[in-house]
Each structure stands twice: as structure tokens, then as C-alpha cells.
Amino acid sequence: MTSLRIEHHPVLNFPERKIINFFFEDKQYQGFEGEPIAAALHAAGIRTLRRSPQKDRARGFFCAIGRCSSCIMEVDGQINIMTCITPLAEGMQVRMQKGHGVIKP
Amino acid sequence: MSRNTEVFVIGGGPAGLSAAYVAAKLGARTLLVDDSSRIGGQLIKQTHRFFGSSNRDAGIRGITIADKLQQDIKDVSDKLTVLENTAAVGFYHNKEAGILSHSAYERVSYQSAIVCTGATENSLAFENNDLPGIYGAGGVQTLMNVHGIRPGQKILMIGSGNIGLIVSYQLIQAGVEVVGLVEGSPAIGGYLVHASKIRRLGVPIYTSHTILKALGTDEVEGATICRVDEKFQPVPNTELDIKCDCICLAVGLTPLIDLFQQAHCRMVHVGELGGLVPLHDSSMRTTNPEVFVAGDASGIEEATTAILAGRIAGARAYESVHGKSPQAEEIVAEAREELRTLRSGSTGERIRWGRERVMKEVGEC
């Protein structure tokens, strides 16, 4: 799908997966079903996942295993979702979290 | 809801899987929880071959070791329950713990707990170290070896320990250009065999150098590095700008210890083991007699030693529930002997020092 996806690897084989559509800031993108949201965004060339609440600094992922909370975003209206370990699903609405975000009932 | 188990294992990496396997194989009802969707811990992204020991996993890739451990636990499925996507969130008094599984909270009452929470990656202080494009070495491995995505086109590696060297090679295998490897010390930290591999592939190695800052406003566009003196202080007028779109930090790991503190285990700071670790004896028992430890949480080392320490903890946790057993004793004796071999020689020196300090503290040497 993009040049960041590894096509050939001397050791690993990546199985065929289903391509699905999702939205980032209302724009449509494609990713593989079940891969982490942050991985799909990264492959689509999106590295800034949110802005920091106090100094408005760009934030990307760091640890990729759900430890550091650098990658938290708003997903389908819910804030503080760790996108590096949350699987991507068809039609997901993903947004940058502004500040601390707003908890919706 | 609540669950009841004899042995409660937290963490499904090499240590936790081995501990759970041994405890269940010996006959203890065992529950293993792991917060990720796929057990195996960090082995599932390690495509390199392990040195191992003569009778354990020598020359085998990390991903193959993970498959093997996952197969092993299937043999004991009558005694062992595995919960993925489940995080242990707290210890209480009276041998109770809380777990969070798919947003549902449950209580677990156990007789012995084995905590194998592993470690978290260190960052490094430099200007702009929070920019998107600066990733931990483990994060880079996960992205590329588990999810099949390159972190970027050109990457600068910081740190020349074994992780920095191995991940540099894996990046090259994945088609990423490694534009340099920066090391503060005058000599490379990891094994020469790994360093020679990337040197042969033409990666510039900057020893006695450090990163001063990352360049770019919203994303990494490069880095400024400079020479350091014997006291690791930057030498003026030696700055060098390097173009890259990612910076990888391979500057060590710190044991994940929150749960031990909740369980009131006494902690000790040992630099050689990565920082604060729970005090434990050679049976991997902490100062809280119901809580055992194994793997990186007891001191940063590697997967083969984590497997062996996990086997010891699993056997001892079984015994603390069911009483002394000759089979458990045999497993412990065998694992201890293998650990001695693995930690011998000059490469195991730091670990031996660190472990000796822990053992002295508990009065075992």
C-alpha cells in the first residue's frame, strides 16, 4: 500500500490480510484489518498522533507495546485509546486528541 | 466476578510462559495473564539467532523460541488457563489481585504469584527528544518485525549495546538505511560479532559521540551529534548534522516494578541490573513470601536466562503450594547449572556482579 510496508524480507513472511477503510480526521485511508491503529497511520505517512496538552508539542508513538501512552488518540468518540495496541476495524473514526480530550457518556 | 488459582503468573514472555509451564506440569492449577493480544512477550519480534547455551536454544531465532514456548503450554492446558488482553492492575492483602480483561474487572485469589512484567525502554535527555520519529528500539522492532512496517527511510541509531547493533542489522534487512550509529563510550558496547556485521555493511559508527538535538519542528528531519570527552562532556566545535527521518534509542531498559511495590516487596537499586529490582533469593522468591519474580523484572538480561529463572520460579511456586517435590528440585538444580554456564565468562561479568549484590543483600553469599 505504501513504500513503508515491507514487501520482501529475508527472514519473515507477512501473511495476506484484509484491506479495510478507516478515517483519520475525516479523511479516508486504507489499512489492514486487525493491525494496530498507530501502525496503519504510520504506514499511511501520519506520524503526529496528538498534540501535548500543555505545550502543544507534536506526539507520535514511542514504545509500540502499550506502555508509554505517547500514542493515545480519540477513536470512535472515545478518548485515551492506546492506538499502538488497539486493532484497526472497518470504518473506524480516528482523531488527534486535543489537550486532555473530553469524556463522552 | 472472581477467580481462584493456586499459582498466578503475570506476564506471558519467556519468563512467565516457562514459569507457568513448569508450575502446571508439576500439577499446580495455574492462571497466566498477559496484557497483549499475543503471548510470547518480546520474543515475537526477535528475528535474530540467540547464542543460548549448548543444550538450550543455541542458534535459534527468538520468534522460533516463542513458537516453542507457546506449543509447550498447550501440553498442560488441563492445568493452565491463559488470558490474553488481560492486565494485572493491583495486588491486595490476603493473596488477592485485580485483573482487567476486555474492560471488565475481576478479582483473582491465588496462593503463589509469579510476577514477570519485564521491562520498559529508557529514553535519553536531549533537545527535541519528544518529536514524532524518535522511537525506542523495541518499538522499532515491533513495528517492523511484527507489523511489517518500516519506521522510516533513514534512521540514526543511538546506543551500541547488543540491542542497538542487532536492531541496526534488522533495519537493514527490512530495507531501511542506517545513517549512523552513535555511542558515548570510546568502544562499542555489544558483541563484536554483531558490530562487525553492520560495519561490513558500511554503517558509520561514531564512538565517543552523543546526540545533542533532534532537528525538525513537528517531525524528525535530522540530528546534531558531537564528540564527547572522557567525562562524556560535549567537545565544542565538533557538531555534525546528519539527515534522517527517524532516531532510534537503544539506551537500555528499566525493570517494570509497580506490582512489586504494591505487594510490599523490598526493593534494591542495582545499576548492573537496570535500576530498582525486587530483592529475591536464588529460588526467585521476593521478601513477600507469596510473590516470586523472573525475567527482566528481576534484572535486565536476555530471553534464555529469563526462561531458566522462570523455570526455577515455577518449580518453587508449585512447592510453596503443594510442598517439597523431588521433580521440582530436579528442575531447579538443572536450571541453576545452566544459568551458571550462561553467566560465566567475561560477557556475563556485569550480570554476575549485579546478581551477587542481590544475593548478598538476602544473605545467600
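Computed from a prediction, not measured in an experiment: that's the story for all the values here.

Asks: I keep staring at the overall build of chain B and nothing clicks. Help me out?
Replies: Scanning chain B from terminus to terminus reveals 9 helices and 21 strands. Against the globule reference of 21 Å for 365 residues, chain B gives a C-alpha radius of gyration of 21 Å, in line with a compact fold. Expressed along its principal axes, the backbone C-alpha trace of chain B runs to roughly 65 × 45 × 35 Å. Across chain B, contacts joining residues at least 24 apart in sequence account for 63% of those joining residues at least 6 apart.

Asks: Whenever I open this one, the domain arrangement of chain B confuses me. Can you help?
Replies: As a measure of interface size, the accessible area lost when the parts come together is often cited. All names here are of chain B. When the domains of chain B are assigned, the result is domain 1 (2–120 + 253–361) and domain 2 (123–249). For domain 1 and domain 2, the distance between their C-alpha centres works out to 31 Å. Classifying every residue of the side of domain 1 that touches domain 2 gives 1 nonpolar, 3 polar and 1 charged.

Asks: Quick question: what am I supposed to make of the packing of helix α3 (residues 137–146) of chain B against helix α4 (residues 162–173) of chain B here?
Replies: In a pair of packed helices, the angle between the axes and the distance between the axes together describe the arrangement. Residues and elements named next belong to chain B. The N-to-C vectors of α3 and α4 enclose an angle of 25 degrees; their axes lie 10 Å apart at closest approach. Considering their axes alone, α3 and α4 lie roughly parallel with respect to each other. Both α3 and α4 take part in a crossing whose hand is left-handed. Of the residues in α4, those touching α3 at Ala137, Val140, Gln141, Met144 and Asn145 are Ile163, Gly164, Val167 and Gln170. Residues belonging to the contact of α3 with α4 are distributed by class as follows: 5 nonpolar, 4 polar and no charged.

Asks: Explanation requested: the environment of valine 193 of chain B in the structure shown.
Replies: Residues and elements named next belong to chain B. Relative to the helices and strands, valine 193 is located in helix α5 (residues 192–200). Look at valine 193 and you get exposed, because 10 C-beta atoms sit within 10 Å. For the pair valine 193 and leucine 165, spaced 28 residues apart in sequence, the C-alpha to C-alpha distance is 9.6 Å.

Asks: Is there a simple way to think about the interface of chain A and chain B in this case?
Replies: Listed as interface residues are 27 residues of chain A and, on the opposing side, 26 residues of chain B. Among the elements of the structure, α1 (37–43) and β4 (58–59) of chain A are those that each provide at least two residues to the side of chain A that touches chain B. Sorting elements by how many residues they give to the side of chain A that touches chain B places α1 of chain A first, with 3 residues.

Cut-offs used in this document
- Residues numbered from 1 in each chain as written.
- Chains lettered and ligands numbered in written order.
- Predicted model: local features only at pLDDT ≥ 70, side-chain atom pairs only at ≥ 80, totals over all residues.
- Helix = DSSP H or I, 4+ residues; strand = E, 2+ residues; numbered from the N terminus.
- Rg over C-alpha atoms; globule rule 2.2 N^0.38 Å.
- Contact = placed C-beta atoms within 7 Å.
- Domains from an automatic or database assignment.
- Nonpolar A, V, L, I, M, F, W, Y, C, P; charged D, E, K, R; others polar.
- Axes fitted to C-alpha atoms, helices over the stretch in contact; angles between N-to-C directions.
- Parallel < 35°, antiparallel > 145°, perpendicular 65-115°, else oblique.
- Left-handed = near helix turned anticlockwise from the far one by under 90°.
- Buried ≥ 20, exposed ≤ 12 C-beta atoms within 10 Å, placed from the backbone.

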